[in-house]
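Summary of structural features
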Amino acid sequence: MRNILLIDDDVELCELLAAFFSGEGFEFSAVHDGPSGIAEALSGACSIVILDVMLPGCNGFDVLREIRTKSRVPVLMLTAKGEHVDRIVGLELGADDYVPKPFNTRELAARVRAVLRRRTWTPATCSRS
């Protein structure tokens, strides 16, 4: 399953990323407010969530907090709130990665793939000599 859920109130950005990620072989859906984002993220239908901080209804940090109480779905923060303190808060709350806006779509795709690889990676048995 390679389904991306984008939670962002910027409809144009959602359309741009939907077109880009569809071309990269992902299924893509978007919601535009915090409460809907929580419901969709917890539905089990997505493999990764891309989450903005500034959202109507409740902010992205609250959305992340709520998701983390019930799910380990990977979450990548994508937000204009790129100050060090914001990045630290997002990562401490359980985000798997944090990308500030403006961003490069190819880098975002590479980060999405990297997070998904880490989530599906199974450690090999290692032996000590």
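See above for the structure.
Scope of this entry: the structure provided in the associated data block. This one's a predicted model, so the numbers in the text were calculated from it and none came from an experiment.

1. As for the nonpolar core
Judged by nonpolar contacts, the single largest core of 20 residues is most densely connected at Leu 5, Ile 7, Val 49, Leu 51, Val 63, Val 75 and Met 77. Top contributing element to this core by residue count: helix H3 (residues 60-70), with four residues. In contact with Met 77, not counting residues within four places along its chain, are Leu 51, Val 53, Phe 61, Leu 64, Ala 95, Asp 97, Tyr 98 and Val 99. Grouped together as the second largest cluster of nonpolar side chains are 19 residues, Leu 13, Phe 28, Leu 108 and Leu 116 included.

2. Looking at the packing of aromatic side chains
Taken as a whole and assessed by the stated rule, the structure comprises three aromatic pairs. Ring geometry for Phe 20 against Phe 21: centres 5.4 Å apart, planes inclined by 80°, an arrangement best described as edge-to-face. Using a relative accessible area of 17% as the deciding quantity, one classes Phe 20 as buried. An angle of 10° between the planes, with centres 6.0 Å apart, marks the rings of Phe 21 and Phe 28 as stacked. As far as the burial class goes, Phe 21 and Phe 28 line up, both buried. Members of the aromatic cluster, each reached through a chain of ring pairs, are Phe 20, Phe 21, Phe 26 and Phe 28. Here the guanidinium or amino end of Arg 2 rests over the ring plane of Phe 26, the centre of that ring lying 3.9 Å away.

The rules behind these values
Residues numbered from 1 in each chain as written. Predicted model: local features only at pLDDT ≥ 70, side-chain atom pairs only at ≥ 80, totals over all residues. Heavy atoms only, no water. Core = buried A, V, L, I, M, F, W, Y, C linked by side-chain atoms within 4.5 Å. Buried < 20%, exposed > 50% of the residue type's maximum accessible area, 1.4 Å probe, protein only. Helix = DSSP H or I, 4+ residues; strand = E, 2+ residues; numbered from the N terminus. Contact = heavy atoms within 4.5 Å. Phe/Tyr/Trp six-rings, centres within 6.5 Å; stacked < 30°, edge-to-face > 60°. Lys NZ or Arg CZ within 6 Å of the ring centre and 35° of its normal.

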